[in-house]
Amino acid sequence: MTYTYKTKGTCAAEIIIDMDESSIIREVRFIGGCKGNTQGVAALVKGMKAEEVIGRVSGIRCGFKPTSCPDQLATALKKMLEEK
């Protein structure tokens, strides 16, 4: 299942997630954002269960912003699991 999420409040404009039927993340691509950071997050979550990623990155803030790219990834994964 591939899902595209339009982010809110971050430099990245969207996140494209590919997840299998067991909720294992196959690939994550951030469109925009801090390239090194978003590539790092994408590499680290590859092969993880969506629920574990949500638990680890939900609520992370970027500076004074109320959200971050990892937090937006958690939001996208929650929506993806709801639609599953």
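The structure this text deals with has already been given above.
Owing to the predicted nature of the structure, the values given are computational and were not obtained by experimental measurement.

Novice: Teacher, can you tell me more about the overall build of the protein here?
Specialist: In terms of helices and strands, the protein carries 3 helices and 3 strands. Walking the protein from its N terminus toward its C terminus, one meets helices and strands in the order β-β-β-α-α-α. Taking 12 Å as the expected radius of gyration for a compact globule of 84 residues, we find that the protein reaches 11 Å, a close match to that expectation. Reported as C-alpha extents along the three principal axes, the dimensions of the protein are approximately 35 × 20 × 20 Å. Long-range contacts, defined here as pairs at least 24 residues apart, represent 45% of the contacts in the protein between residues at least 6 apart. Accessible surface, the protein: about 4,800 Å² in total, of which carbon and sulfur atoms supply 55%. Treating the 13 positive side-chain charges of the protein as one cloud and the 10 negative ones as another, the clouds have centres 6 Å apart.

Novice: Help me understand the sheet that holds strand 2 (residues 12-19), please; the structure alone is not making it clear to me.
Specialist: Hydrogen bonds between backbone groups are what pair the strands of a sheet, and the pairing can be parallel or antiparallel. Spatially, 3 strands are ordered 1-2-3 in an open sheet, and the strand pairing comes out antiparallel. Two strands close off the open sheet at either side, each with one partner strand: strand 1 (2-6) and strand 3 (25-32). Averaged over all pairs of adjacent strands, the angle between strand axes in this sheet comes to 15°, irrespective of strand direction. Pairing geometry for strand 1 and strand 2, over 5 bridges, is antiparallel. In the sheet register, Y3 faces strand 2, and the bridge partner there is I17.

Novice: Quick question: what am I supposed to make of the nonpolar core here?
Specialist: One recurring pattern in soluble globular proteins: nonpolar side chains tend to sit buried together. By size, the foremost hydrophobic cluster in this structure holds 23 residues, and its most contacted members are I17, V28, F30, V45, V53, L73 and L77. For this core, the leading source of residues is helix 3 (residues 69-83), giving 6 residues. If near-sequence neighbours (up to four positions away) are discounted, L77 is found in contact with I17, I25, A50, V53 and I54.

Novice: Looking at this structure, I do not really get the pattern of salt bridges. What am I missing?
Specialist: Between side chains of opposite charge, a pair can form as their charged atoms come close. Here the structure, examined in full by the defined rule, presents 4 salt bridges. Note that D18 is salt-bridged to R26, the shortest N-O span being 3.7 Å. Note that E27 is salt-bridged to R29, the shortest N-O span being 3.7 Å. Given the relative accessible area of 39%, E27 is considered partly exposed. According to the relative accessible area criterion, R29 is partly exposed, its value standing at 41%.

What counts as what
All chains use their own residue numbering, which begins from 1 and follows the written sequence. Only residues with pLDDT of at least 70 are given local features in this predicted model, and only at 80 or more are side-chain atom pairs given and counted; all residues enter the totals for whole chains, interfaces and linings. Hydrogens and waters are ignored; side-chain quantities use all the structure's heavy atoms. Secondary structure counts use DSSP, requiring at least four H or I residues in a row for a helix and at least two E residues in a row for a strand, with both numbered from the N terminus. What the globule rule says is 2.2 Å times the number of residues to the power 0.38, and the radius of gyration is computed from C-alpha atoms. Should any heavy atoms of two residues lie within 4.5 Å, those residues are considered in contact. Every accessible area reported is derived by Shrake-Rupley at a probe size of 1.4 Å, with residue values counting cover from the shown protein chains alone. By the counting scheme adopted, Arg and Lys are positive, Glu and Asp are negative, and His together with the chain ends is not counted. Positions of charges follow a simple convention, taking NZ of Lys, CZ of Arg, CG of Asp or CD of Glu. Paired strands, as defined in this entry, are two strands with at least two bridges between them according to DSSP. Each axis is a line fitted through C-alpha atoms, and for a helix only the stretch in contact is used; angles between axes span 0 to 180 degrees, taken between their N-to-C directions. To qualify as a nonpolar core, a set must consist of buried Ala, Val, Leu, Ile, Met, Phe, Trp, Tyr and Cys residues joined through side-chain atoms within 4.5 Å. Only protein chains enter the accessibility calculation, which uses a 1.4 Å probe. A residue is then buried if its area is under 20% of the maximum for its type, exposed if over 50%, and partly exposed in between. Whenever a carboxyl oxygen of Asp or Glu lies within 4 Å of a side-chain nitrogen of Lys or Arg, that contact is scored as a salt bridge.

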